[in-house]
Amino acid sequence: MQDIRDALTPENLAMLEVIAEEGSFAAAARKLGLVPSALTYRVRQIEDALDVLLFDRSARQARPTEAGTELLREGRRLLHDIDAVAHRVRRVATGWEPQLTISVDGVISPHTMLELVEAFYVMSPPTRLKLCDGIMSGTLEALTSGRADLAIGVGALGPAVAGLQQMPLGSQRFIYVVAPHHPLAQATEPIADAVLRGHRAIAVADSALRGGLTMGLLGGQDVFTVDSMQAKIQAQLRGLGGGFLPESMVRPYLEAGRLVERKVARPERLVSLHYAWGGPGFTVPGRALQWWLEQLHSPTTRRALLENHHHF
């Protein structure tokens, strides 16, 4: 008896497909250039290996049994997967990476990122794309730890890392906002730290696995921590606390009166953001990374990544 793996070869799966299409062993044998007895023998070997009957031979036509129909369906899928793998291998050999992982900070527009992803897929690249969320120092850590190939929205580059390359993305102005029904909405401006300390702050947890940063928090202040910028906005809309948020992200809420900006005594926060790639052992970027770097070279794209937070 044939081993199952030896029986279910691409050639045999394709042969079974021809039999089903032609409707008879004789017609299939003619199309495949085989003598009918040889074709029948190969089918019986497959049936013996699987211990099932694949074709009903009671009539002149070869009709797939229920088991045969299932094998044909799965066989078509396997043949398609084999073709896809071969195509991917050929494309990768031309310089495309098997996978590209991008660490995207929470201050980056998800709408613009998806527009870029859509444009990337128009090329039918063989590269599998993965986006992972980052917050503060965790955005860069994903790159320097080898978990990502490109980091977008890096705020602080931290210590020098061999091979790391970075370019400016733009600046984000962070403003202090609260819901209109929050007590601080009526506080005298500029609001001193002593007053802020008496009210809960909403903070986003740094996504770094080690040594995460905290920003805009005061010692002794009650803190409600969430894991995304969107969750922070929602918490502040409900009046659960106050905090600093990118002006571009909260602009529509300010215009609608759902949030109010409050002047605080501390200096204005204007954060310079970058995008970074490379690192230890990095040599030449593959074609997928090259494409993304070309897009990021555009001032229009960089501006949209920081500004286009509300897609209508």
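The notes below deal with the structure included here.

Definitions and limits used
- Residues numbered from 1 in each chain as written.
- Predicted model: local features only at pLDDT ≥ 70, side-chain atom pairs only at ≥ 80, totals over all residues.
- Heavy atoms only, no water.
- Pairing = 2+ DSSP bridges.
- Helix = DSSP H or I, 4+ residues; strand = E, 2+ residues; numbered from the N terminus.
- Salt bridge = Lys/Arg side-chain N within 4 Å of Asp/Glu carboxyl O.
- Buried < 20%, exposed > 50% of the residue type's maximum accessible area, 1.4 Å probe, protein only.
- Axes fitted to C-alpha atoms, helices over the stretch in contact; angles between N-to-C directions.
- Parallel < 35°, antiparallel > 145°, perpendicular 65-115°, else oblique.
- Contact = heavy atoms within 4.5 Å.
- Nonpolar A, V, L, I, M, F, W, Y, C, P; charged D, E, K, R; others polar.
- Polar contact = N/O pair within 3.5 Å; in protein donor to acceptor, adjacent residues only side chain to side chain.
- Expected span 1.5 Å × (residues − 1).
- Phe/Tyr/Trp six-rings, centres within 6.5 Å; stacked < 30°, edge-to-face > 60°.

### Description of the pairing of strand S6 (residues 164-178)
Then, number 1: As paired elements, S6 and strand S11 (residues 269-278) share 10 bridges and run antiparallel to each other. Considered in S11, the bridge of glycine 170 is made with leucine 273.
Then, number 2: Across 4 bridges, S6 lies against strand S9 (residues 243-246) in antiparallel orientation. When the bridges of S9 are listed, isoleucine 175 appears paired with leucine 245.

### Some remarks on the pattern of salt bridges
Then, number 1: Evaluation of the coordinates by the stated rule reveals 13 salt bridges.
Then, number 2: With its nearest N and O atoms 3.0 Å apart, the salt bridge here joins arginine 251 to glutamate 307. Of the two residues, arginine 251 is situated in helix H10 (residues 247-255) and glutamate 307 in helix H12 (residues 299-307); the sequence distance between them amounts to 56 residues.
Then, number 3: By relative accessible area, which is 27% here, arginine 251 ends up partly exposed.
Then, number 4: Shared partners join several salt bridges into a network, and the residues in it are Arg173, Glu261 and Lys263.

### Re unusual backbone geometry
Then, number 1: Of note, the amide linkage connecting glutamate 189 to proline 190 takes the cis form, showing an omega dihedral of -10°.
Then, number 2: Tracing the chain through its elements places proline 190 in the loop between S6 and helix H8 (193-196).
Then, number 3: Positive phi, normally seen in glycine, also occurs at aspartate 51, with a value near 60°.
Then, number 4: Within the secondary structure, aspartate 51 sits in the loop between helix H4 (36-50) and strand S1 (55-56).
Then, number 5: For aspartate 51, a relative accessible area of 69% translates into the label exposed.
Then, number 6: With a phi angle near 50°, serine 124 is a residue other than glycine that sits in the positive phi range.
Then, number 7: Position of serine 124 among the secondary structure elements: in the loop between helix H6 (110-122) and strand S4 (128-134).

### So, the packing of H6 against H12
Then, number 1: The interhelical angle for the contact between H6 and H12, taken along N-to-C directions, is 135°, at an axis separation of 7 Å. As summarised for this structure, H6 and H12 are arranged oblique, according to the angle between their axes. Contact with H6, carried on its side by Thr112, Met113 and Leu116, involves Thr301, Ala304 and Leu305 of H12 and no other residues of that element.
Then, number 2: Of the residues that constitute the contact of H6 with H12, the class distribution is 4 nonpolar, 2 polar and no charged.

### Quick look at the side chain of serine 109
Then, number 1: Its location among the elements puts serine 109 in the loop between strand S3 (99-105) and H6.
Then, number 2: Polar contacts involving the side chain of serine 109 include one to the main-chain amide nitrogen of histidine 111, which spans 3.3 Å.
Then, number 3: Of the polar contacts made by the side chain of serine 109, one reaches the backbone nitrogen of threonine 112; its length is 3.1 Å.

### As for H4
Then, number 1: The end-to-end C-alpha separation of H4 is 21 Å, in line with the 21 Å expected for 15 residues at 1.5 Å each.
Then, number 2: Of all the positions in H4, only Leu39, Thr40, Val43, Ile46, Glu47 and Ala49 are classed as buried.
Then, number 3: On its buried side, H4 packs onto helix H1 (4-7), helix H2 (10-22), helix H3 (25-32) and S1.
Then, number 4: Immediately downstream of H4, the backbone of aspartate 51 shows phi near 60°, a positive value.

### Focus on the packing of aromatic side chains
Then, number 1: For the structure on display, the rule yields 8 aromatic pairs.
Then, number 2: Ring geometry for tryptophan 96 versus phenylalanine 120: centroids 6.5 Å apart, planes at 65°, classification edge-to-face. Of this pair, tryptophan 96 sits in the loop between helix H5 (66-92) and S3 while phenylalanine 120 sits in helix H6; the two residues are 24 residues apart in sequence, bridging distant segments of the chain. Each member of the pair, tryptophan 96 as well as phenylalanine 120, carries the same accessibility label: buried.

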